[in-house]
Amino acid sequence: MTAPNSAMPPSTRTPGSILRSQGPLLDVRNLSVAFPGHLAVRDISFHIDHGETLALVGESGCGKSATSFALMRLLPRGTAVAGEVNFNGIDLFRTDARALRNIRGKRIGLILQEPMTSLNPVRTIGDQIAEGLVRHEKLTWTQARTRTAELLDLVRIPDAARRYDDYPHNMSGGMRQRVMIAMAVSCNPQLVIADEPTTALDVTLQSEVLELLDSLRRQLQMALLLITHDLGVVAQWADRVAVMYAGRIVEQAAAHDLFERPVHPYSQGLMRATLRLDDGTHYSNARLSEIPGSVASAAGEQGCAFAPRCSQATEACYHAPPALVPFRDRLVACRVAVEPSEEPFRAVVGR
Amino acid sequence: MRLLSRAGKSLSRTAIQALPVVLGIVVLNFLLLQLVPGDAADVIAGESGSATAETMAALRKQFGLDQPVLIQLANYLDHLAHLSLGFSPRYNTPVGDLIMSRLPFTLLLMLSAFVLSLVVGIAFGAFMAAFARRWPDRALSLFVLILYSAPGFWVGLMIIVLFSVKLGWLPSGGAMTVGADLTGLARMGDLLTHLVLPSISLACFFTAVYARLTRSAMLEVERQDFVRAAEAKGLGPFAIQMRHVLRNALIPVTTVAGLHLGNLLGGAIVVETVFGWPGMGRLALDAVMARDFNVLLGVLLLSSFVVIVANVLIDLLHAWLDPRIESV
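**As for the overall build of chain A**
Scanning chain A for helices and strands turns up 12 helices and 12 strands. Intrachain contacts of chain A at a sequence separation of at least 6 include 62% that bridge at least 24 residues.

**Concerning the interface of chain B and chain A**
In this assembly, 19 residues from chain B lie in contact with 23 residues from chain A. Secondary structure elements with two or more residues in the side of chain B that touches chain A: helix 9 (225-232) and helix 10 (237-275) of chain B. The leading source of residues in the side of chain B that touches chain A is helix 9 of chain B, at six residues. The residue inventory of the side of chain B that touches chain A, partitioned by class, reads six nonpolar, five polar and eight charged.

**Regarding helix 6 (residues 173-185) of chain A**
The α-helix advances 3.6 residues per turn, and as a result positions three or four apart in sequence lie on the same side. Residues and elements named next belong to chain A. Between its first and last C-alpha atoms helix 6 spans 19 Å; for 13 residues at 1.5 Å apiece the expected length is 18 Å, and the two agree. Among the residues of helix 6, those classed as buried are Gly 174, Met 175, Arg 176, Gln 177, Arg 178, Val 179, Met 180, Ile 181, Ala 182, Met 183, Ala 184 and Val 185. Where helix 6 is buried, its residues meet strand 6 (108-111), helix 3 (125-136), helix 4 (141-154), strand 7 (191-195) and helix 7 (203-219).

**Structural notes on the environment of Arg 90 of chain B**
Residues and elements named next belong to chain B. Mapped onto the fold, Arg 90 is located in the loop between strand 1 (87-88) and strand 2 (93-94). Take Arg 90: there are 22 C-beta atoms within 10 Å of it, and that puts it in the buried class. For the pair formed by Arg 90 and Leu 108, sequence separation is 18 residues and the distance between their alpha carbons is 26 Å. The residues touching Arg 90, leaving out its near neighbours within four places in the chain, are Ala 40, Ala 290, Asp 292 and Val 295.

**Comments concerning the nonpolar core**
Leu 191, Leu 225 and Val 241 of chain A are the most contacted members of the largest nonpolar core, which totals 142 residues. Looking at which element gives the most residues to this core, the answer is helix 8 (residues 184-222) of chain B, with 16 residues. In contact with Val 241 of chain A, other than residues within four places in its own chain, are Ala 55, Val 57, Val 234, Ala 253, Ala 255 and Leu 258 of chain A. Counting 19 residues, the second-largest nonpolar core is a separate cluster that includes Ala 287, Phe 293, Leu 296 and Leu 300 of chain B.

**Here we look at the pairing of strand 9 (residues 240-245) of chain A**
Residues and elements named next belong to chain A. Within strand 9, six of the six residues are buried, which leaves it mostly tucked inside the rest of the structure. Neither face of strand 9 is open: one carries Arg 240, Ala 242 and Met 244, the other Val 241, Val 243 and Tyr 245, and all of them are buried. The pairing of strand 9 with strand 10 (residues 248-254) spans six bridges and is classified as antiparallel. From the neighbouring strand, Arg 240 faces strand 10, where its bridge partner is Ala 254.

**Looking at the sheet that holds strand 4 (residues 80-87) of chain A**
Residues and elements named next belong to chain A. Reading across from one edge, 2-1-4-5 is the order of the four strands in this open sheet, with antiparallel pairing throughout. Of all strands in the sheet, those bounded by a partner on one side alone are strand 2 (38-48) and strand 5 (90-91). Where strand 1 (residues 26-35) and strand 4 come together, seven bridges link them in antiparallel fashion. Bridging from a neighbouring strand, Ser 32 pairs with Ala 82 of strand 4.

**Points about unusual backbone geometry**
Residues and elements named next belong to chain A. Backbone geometry at Arg 73 places phi at a positive 55°, although glycine is not the residue there. Its location among the elements puts Arg 73 in the loop between helix 1 (64-71) and strand 4. Of note, Arg 156 is a non-glycine position whose phi angle comes to about 60°, a positive value. Following the sequence through the fold, Arg 156 ends up in the loop between helix 4 and helix 5 (160-163).

**Observations regarding the sheet that holds strand 9 of chain A**
Residue and element names in this part refer to chain A. The eight strands are arranged 6-7-8-3-9-10-12-11 in an open sheet whose pairing can be described as mixed. Single-partner strands in this sheet number two, and they are strand 6 and strand 11 (325-327). Mean inter-strand twist for the sheet, computed between neighbouring axes without regard to direction, equals 20°.

**Here we look at the confidence of the model for chain A**
In regions of low pLDDT, the predicted coordinates are not meant to be interpreted in detail. Residue and element names in this part refer to chain A. For chain A, per-residue confidence averages 82 on the pLDDT scale, and residues scoring 70 or more make up 88% of the total. Within the model, pLDDT remains below 50 along residues 1-21, and this stretch shows 23 contacts once partners closer than five positions in the same chain are excluded. Residue range residues 342-351 is modelled with pLDDT below 50. Its contacts to residues more than four positions away, or to other chains, number six contacts.

Rules used throughout
Residues numbered from 1 in each chain as written. Chains lettered and ligands numbered in written order. Predicted model: local features only at pLDDT ≥ 70, side-chain atom pairs only at ≥ 80, totals over all residues. Helix = DSSP H or I, 4+ residues; strand = E, 2+ residues; numbered from the N terminus. Contact = placed C-beta atoms within 7 Å. Nonpolar A, V, L, I, M, F, W, Y, C, P; charged D, E, K, R; others polar. Expected span 1.5 Å × (residues − 1). Buried ≥ 20, exposed ≤ 12 C-beta atoms within 10 Å, placed from the backbone. Core = buried A, V, L, I, M, F, W, Y, C linked by C-beta atoms within 7 Å. Pairing = 2+ DSSP bridges. Axes fitted to C-alpha atoms, helices over the stretch in contact; angles between N-to-C directions. pLDDT = per-residue confidence, 0-100.

Here it is as C-alpha cells:
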C-alpha cells in the first residue's frame, strides 16, 4: 500500500516483473460463489498486480460476472461466498460494511455491462457522477460539479460542461458507457472492474471505449479487471488472461502466451473457433471449428467439468477435478496437458 | 427552467382537453337526471302534506320545470356560460353560494386524507421493502391487508367508538365545536381536531393500496442495475433508498394516486355522512333526496373540476419525478 505507484512505469505490460515482490494489488484465494441451488464459482484463485490488465474470459454463465460482483460483495442477498479477497492487505470478505463502503467507488470502481440500465433514469448524469465525489472526496456539490465536468472531459464527452444536467435518455449508448467510466474512475481508484463493458455497444464503439479505458488505466495508474467473452478484446488489451469454464479457472497465462500456445483443451478449442482474416478461412471453403457438446454437460460432473466435451479425456478426468498447477510459463488445470509425455497430445491438437 | 416550460405545456394541453370533457359531463348528467322519478315540486308538496295541482303547477313554473327538457338544458347551459350554477328551489339560494360554502370542507377532507394516505402508505411501503420477507414486513403486511379490506364507514364508526366515546380524545362529528365561536388559531385548532378522525377513516383504504404498491415498486427497482452501480459507488443504504430507489418507485404510486382522486371524492361522501362533516358529499346526498337537481348538477360539475385540476397537479408531479416524460 505504501509502495509508490510512480516507481512503476504505468505502461509496464510484462507480468511477473519485479513488482510482484511488493505483493499483488488484489489477491483472490479459493473464492466460491453459490446462488441458491447453483454453485456459480468453484474455488478459484487469481491475483492482479498494480497497473496491469487481467482479462477473465469464458462463455456466458461460466461465473465471470459472479466473480466480479463477489469481489465487491455486490451479490444479491441469499448468495453464499467463501474464500479470501485481499485488496491491498484488506480482506474484503471480512471487513465491516462501513469500511467496505469506503473502498467501493473510492479504491475500486465498477463498470457494468449495460449502460442503458446501469444509470438511474430519473437523475442527471452529472449528479450520479458527483455523488461519488461528494461521498468519498468530501467535496461540496458545487466543487463536485466542477470536478464532474473535468471527468466528462476526461472520458472525451464533447461539450462536457453542458452535459452535467443531461439525463441518461438524452445520451447515446456509447456516451452512457463513457459516463459509467467517468463514474468508475472519478475517485482515482487503484482497480477498475469492467464487466463486459462493450458487449452492449456496436462494434465501432467497442474499440473506442476500450481504447479510452486503457488510456485511462495508464494515465491514472490503475489496474483493470476486464471481464469479457470476446477473445479479440482479450488479445488486444489484456496483459494476462484467466480462462474460466463452468465456474473454474482452467488456464491462466500471459495474453501473448495463451494466444500463441493454448495448453488447456478448452482454450485450444476457443482459439480454433476464432476467425482470422489472414488465414483465408471463409464459410464457402471451410467450416468454423467448434467445441462439441455444450456447457450444460458440466452440471453435476464429478471430475473435470470439461471432460464430457474433451476429445482427450481419460478415465482419471472423470473422477476428480484437476488442480490449477504451474506448467511451464503458466497455470493449467488439466491432467492430460501437464503429463510429461506430451507427444501424443500434440498430435491430437494438430487435427 | 425545463420543468417550468413543461408545466406550461401540460397546463395548456389540459385546458384544451378539459373543456369538452366538462361540457360532456354537464349534458350527460343533466339527461340522466331526467330519468329519475319525481322532481323538486313533488318533494316540496310531499313535505308540506297537502298540495293542489294548481300550487304544484305554480311551483314547477317558478322553477322552470314546466319547460321541455331541451329548453331546460339550454337554460342551464346559458346560466353556466354566465358563470352561474342556477338556483336551488330547495334552499332558496343560488347553487354557487351553496356549493362554495361546502367546497372548502370537502377539499380540506380530501386533501388531508390524500396527503395522509400517500405519506403513511409510502412510509409503510418503504419499511416493508426494507424488511422484505422478514417478520416486520409480514406483520405490517397483515395490518395493511386489514386496512385494505375494512370498509371506510366501518373504520369510521370504530374509531369514533374508540377515540371519542371510550377515550374522549377527539370529537365524533361536525367540523367545529357548536357555539364555541372561536377565532384565529384556536378556530384552526378546533377545525383540525374535528378533521383527524374523518381523514383517518377516509385514508385507510388508500394507505393500504399505496403501501402495497410502494413495497412492490421498491423491490422491483432494487433489482435494477443502477442500484448495484450506486452500491458500487460506496453509497450507504439510506442514500441508495432515498436517491435511487424511492424516486423511481414513486412513479407508479403517483400514477395510481392520480387515478384514485375520483374514488377519494366518492369515499368522502360516505365519510362525510358518518361524521356529519359539512362537505359537498352530504350536500349531494341531500340534493338527491330532495330532487334538487340544480344543486346536484353543480356538485357533479365542481367535482369533475376538482378531479381535473388534481390530475393536472399529478401530471406536474409526474413530470418532476420522471424527466423522461417530456411534452408527449
